[in-house]
Amino acid sequence: MRRFITSILPILLICIYAQARTFVLVTGVSNYGNTDMNLSQTTKDAKAFKRVMETQTKDITLLTSSNASRANILSKLKAICNRAQSSDRIIFYFSGHGMPGAICTYDMALTYDDLVATLATSAAKEKICFIDACHAGTASQTQKVSATDKTDKNQLSKAIKGKKDQVFFVGCRGDEYSFEHPWVGAGFFTQAAIKGLRGKSDSNGDKRITVKELFKYIYNDVTQRSKQKQHPQLIAPAEMMDITIARWQ
């Protein structure tokens, strides 16, 4: 009997893992209803990020422009948080305007405090966020990848402090802008994230993309393309640096 249990244990573990789900909420605002505020590439970025997520899961929700209001984003995110089980993962993506301490949805600001607090209500084992917005933030003291980069605490790193299951990839430092590429038609940060998730960041060739691998690729790609004007940041606990975000073929 003991031998039988030992023999089927690997199969049971595979089945449990196979049942784990990834829930993705992708949001982007290009049209803010004001020509002085409108952006050219952010909705395109959101749709491009959705396409790469489709290689990982079918559980994807997309909200763009007027549909990406604060209320709609929080409503969809709360629904996902309630639905996700302890073996699941939640991925949140935003592309649009940003301000110190918040992202700018279609109609009003959504603070990092509120975003982090909402994610914290979920039993999901991993919550991973990608924020492509100006003034997105700086890395926290737990960030191990760009140790040579000068960092300061900001509202995002303070909000996430103590959250052992949340990872934030953010497009730039708190005092920087997140640039768009006029020819490629994409933001530097989102373009690098997409390329990385498609396999460019797989430094050891094992077909798995870890947090550490993806951030290293994003950081090097964006700083090079922006000529050191934009520095992506990673806010994450050390325990999550080696988790697998995506698999590619």
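Parameters and conventions
- Residues numbered from 1 in each chain as written.
- Predicted model: local features only at pLDDT ≥ 70, side-chain atom pairs only at ≥ 80, totals over all residues.
- Heavy atoms only, no water.
- Helix = DSSP H or I, 4+ residues; strand = E, 2+ residues; numbered from the N terminus.
- Polar contact = N/O pair within 3.5 Å; in protein donor to acceptor, adjacent residues only side chain to side chain.
- Buried < 20%, exposed > 50% of the residue type's maximum accessible area, 1.4 Å probe, protein only.
- Pairing = 2+ DSSP bridges.
- Axes fitted to C-alpha atoms, helices over the stretch in contact; angles between N-to-C directions.
- Parallel < 35°, antiparallel > 145°, perpendicular 65-115°, else oblique.
- Left-handed = near helix turned anticlockwise from the far one by under 90°.
- Contact = heavy atoms within 4.5 Å.
- Nonpolar A, V, L, I, M, F, W, Y, C, P; charged D, E, K, R; others polar.
- Phe/Tyr/Trp six-rings, centres within 6.5 Å; stacked < 30°, edge-to-face > 60°.
- Lys NZ or Arg CZ within 6 Å of the ring centre and 35° of its normal.
- Salt bridge = Lys/Arg side-chain N within 4 Å of Asp/Glu carboxyl O.

Asker: Whenever I open this one, the environment of Thr55 confuses me. Can you help?
Answerer: Mapping Thr55 onto the fold places it in the loop between helix H2 (42–53) and strand S2 (60–64). Each C-alpha atom, one on Thr55 and one on Trp248, is 8.0 Å from the other, the two residues being 193 residues apart in sequence. A polar side-chain atom of Thr55 sits 2.5 Å from the main-chain carbonyl oxygen of Val52.

Asker: Quick question: what am I supposed to make of the pairing of strand S7 (residues 126–132) here?
Answerer: Successive side chains on a regular strand alternate, one facing one side of the sheet and the next facing the other. Counting buried positions along S7 gives 7 out of 7 residues, so the element sits mostly inside the fold. Every second residue of S7 is oriented toward a common face, with Glu126, Ile128, Phe130 and Asp132 on one face and Lys127, Cys129 and Ile131 on the other, all of them buried. The pairing of strand S3 (residues 89–95) with S7 spans 7 bridges and is parallel. By the bridge assignment, Phe94 is partnered in S7 with Ile131.

Asker: In this structure, what is going on with unusual backbone geometry? I would like to understand it.
Answerer: Residue Ser65 is not a glycine yet carries a positive backbone phi of 45 degrees. On the accessibility criterion, Ser65 (15% relative accessible area) is buried. The backbone of Lys227 sits at a positive phi, close to 55 degrees, despite the residue not being glycine. Take Lys227: it is sitting in the loop between helix H7 (211–225) and strand S12 (233–235).

Asker: When you look at the sheet that holds S3 in this model, what are you seeing that I'm missing?
Answerer: Each strand in a sheet pairs with its neighbour through backbone hydrogen bonds, running either in the same direction (parallel) or in the opposite one (antiparallel). The 6 strands are arranged S2-S1-S3-S7-S8-S12 in an open sheet whose pairing can be described as mixed. Unpaired on one side and paired on the other, S2 and S12 mark the two borders of the sheet. Recorded for the sheet is a direction-independent mean angle of 10 degrees between the axes of neighbouring strands. Bridge count for strand S8 (residues 166–170) against S12 is 3 bridges, and the pairing is antiparallel. Opposite Phe168, over in S12, you have Ile235 as the bridge partner.

Asker: What exactly am I supposed to notice about the packing of helix H6 (residues 188–200) against H7 here?
Answerer: For any two helices packed against each other, the geometry comes down to the angle between their axes and how far apart the axes lie. Direction vectors running N to C along H6 and H7 enclose 140 degrees, while the axes themselves pass 9 Å from each other. Considering their axes alone, H6 and H7 lie oblique with respect to each other. The hand of the H6/H7 crossing is right-handed. When H6 is examined against H7, the residues Phe188, Phe189, Gln191, Ala192, Ala193, Lys195, Gly196, Leu197 and Lys200 are found in contact with a partner set consisting of Leu214, Tyr217, Ile218, Asp221, Val222 and Arg225. A class-by-class count of the residues in the contact of H6 with H7 yields 9 nonpolar, 2 polar and 4 charged.

Asker: Would you mind going over the packing of aromatic side chains with me for this structure?
Answerer: To describe a pair of aromatic rings, one takes the distance between the centres and the angle between the planes. Counting across every chain of the model gives 4 aromatic pairs. Between Phe49 and Phe130 the ring centres are 5.2 Å apart and the planes differ by 55 degrees, which places this aromatic pair in the tilted class. In this pair, Phe49 is assigned in helix H2 and Phe130 in strand S7, connecting sequence segments 81 residues apart. Exposure class is identical for Phe49 and Phe130. Each is buried. Centre to centre, the rings of Phe130 and Phe169 are 4.8 Å apart; their planes meet at 5 degrees, and the pair counts as stacked. Here Phe169 lies in strand S8 and Phe130 lies in strand S7, a separation of 39 residues in the sequence. Among the aromatic residues, those joined into a cluster by ring pairs are Phe49, Tyr93, Phe130 and Phe169. Positioned above the aromatic ring of Trp248 is the side chain of Lys207, whose terminal nitrogen or guanidinium carbon lies 3.8 Å from the ring centre.

Asker: Even after reading the chapter, I still don't get the pattern of salt bridges, so can you show me in this structure?
Answerer: Where side chains of opposite charge bring their charged atoms close, a pairing between them can arise. Taken as a whole and judged by the stated rule, the model has 9 salt bridges. Ionic pairing is found between Glu176 and Arg173, a salt bridge with its closest N-O pair at 3.8 Å. Classification of Glu176 as buried rests on a relative accessible area of 9%. With a shortest N-O distance of 3.2 Å, Arg225 and Asp221 are connected by a salt bridge. Of this pair, Arg225 and Asp221 both sit in helix H7, 4 residues apart, which is roughly one turn of that helix. With a relative accessible area of 9%, Asp221 lands in the buried category. Residues joined in a network through salt bridges with shared partners are Lys195, Asp221 and Arg225.

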